[in-house]
Amino acid sequence: QVHVVESGGGLVQAGGSLRLSCAASGRTFNTYRMGWFRRAPGKEREFVTAITWSSGNTAYTDSVKGRFTISRDYAKNTIHLEMNSLKPEDTAVYYCAAGTRPGYGVGRQDGYDYWGQGTQVTVSS
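So, how was this worked out
Residues numbered from 1 in each chain as written. Predicted model: local features only at pLDDT ≥ 70, side-chain atom pairs only at ≥ 80, totals over all residues. Heavy atoms only, no water. Disulfide = S-S within 2.5 Å. Helix = DSSP H or I, 4+ residues; strand = E, 2+ residues; numbered from the N terminus. Buried < 20%, exposed > 50% of the residue type's maximum accessible area, 1.4 Å probe, protein only. Salt bridge = Lys/Arg side-chain N within 4 Å of Asp/Glu carboxyl O. Lys, Arg positive; Asp, Glu negative; His and termini not counted. Polar contact = N/O pair within 3.5 Å; in protein donor to acceptor, adjacent residues only side chain to side chain. Contact = heavy atoms within 4.5 Å. Pairing = 2+ DSSP bridges. Axes fitted to C-alpha atoms, helices over the stretch in contact; angles between N-to-C directions.

Peer 1: For this particular structure, what's the right way to read the state of the cysteines?
Peer 2: Every disulfide links exactly two cysteines, by a covalent bond between their sulfur atoms. A full pass over the atoms with the stated rule returns 1 disulfide. Each disulfide pairs two cysteine sulfurs, and for Cys22 the partner residue is Cys96, the sulfurs being separated by 1.9 Å. Taking the sign of the S-S torsion, -80° for the link of Cys22 and Cys96, the bridge is left-handed. With Cys22 in strand β3 (residues 18–26) and Cys96 in strand β9 (residues 92–99), this residue pair connects regions lying 74 residues apart in the sequence. Residue classification places Cys22 among the buried residues on the basis of a relative accessible area of 0%.

Peer 1: Would you explain the pattern of salt bridges in this entry?
Peer 2: Two side chains of opposite charge can pair, provided their charged atoms sit close to one another. Counting across every chain of the model gives 7 salt bridges. A salt bridge links Arg38 to Glu46; the shortest N-O distance between them is 2.7 Å. Its relative accessible area of 6% is what places Arg38 among the buried residues. Looking at Glu46, the relative accessible area reads 35%, which means it is partly exposed. Here Asp62 ties to Lys65 by a salt bridge, and the two come within 3.0 Å at their closest N and O atoms. Here the salt bridges share partners, and the residues they tie into one network are Arg38, Glu46, Arg67 and Asp90.

Peer 1: Any chance you could explain the side chain of Glu6 here in plain terms?
Peer 2: Note on placement: Glu6 falls in strand β1 (residues 2–7). Nearest to the buried, unbridged Glu6 among oppositely charged side chains is Arg45, at 8.1 Å. Within polar-contact distance, the side chain of Glu6 engages the backbone nitrogen of Cys96 at 2.9 Å. Here the side chain of Glu6 touches Gln117 through a polar contact of 3.2 Å, landing on its backbone nitrogen. Apart from residues lying up to four places away in sequence, Glu6 is in contact with Ser21, Cys22, Trp36, Tyr94, Tyr95, Cys96, Gly116, Gln117, Gly118 and Thr119.

Peer 1: Just to check I follow, could you spell out the sheet that holds strand β7 (residues 68–73) for this structure?
Peer 2: Pairing between the strands of a sheet is mediated by backbone hydrogen bonds and can be parallel or antiparallel. Read from one edge to the other, the open sheet built from 4 strands follows the order β1-β3-β8-β7, with strand pairing classed as antiparallel. At either end of the open sheet lies a strand with only one pairing partner, and these are β1 and β7. With direction set aside, neighbouring strand axes in the sheet form an average angle of 15°. Pairing analysis gives 6 bridges linking β7 to strand β8 (residues 78–83), with the strands arranged antiparallel. Among the inter-strand pairings, Ile70 is bridged to a residue of β8, identified as Leu81.

This is the structure:
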C-alpha cells in the first residue's frame with residue numbers, strides 16, 4: 001500500500017505562482033510513475049503532468065506546458081509541481097497519484113493505483 005498526501009494549494013491572483021507538493025509513503029519501492037491530475041468545477045478529472053520515477057522523464061498536457069514544472073525528490077519520495085503564470089482556468093482540485101505498473105501511458109488514470117485526497121487551487125481574475 002502507498003499513501004500519497006498533497007499540500008500547498010490555495011488562492012492566488014491570475015499571473016501568480018503556487019507550489020504543490022506530494023509525499024508518498026508506505027511501499028514506495030515499486031513506484032513507477034507519479035502524476036498530477038485536476039478536476040475543475042463541472043468537468044471531468046484530467047491529466048496535468050507526470051514523471052517517471054526512475055528516469056525522471058516528464059510529460060505535460062498542452063495547456064500547462066511552459067508554465068508548470070514537475071520535479072521529484074528521489075530520497076524523500078516526494079514530487080513537486082511549480083505552477084507559474086496561473087490563469088483562472090487552472091482553478092481546480094489537484095490530485096496527486098502514484099502508479100506501480102509499467103505499460104500505461106502517463107496520462108491514463110487507470111495507470112495510477114493510489115490517489116491523494118486533493119488540494120484546492122483557486123486563481124482569481
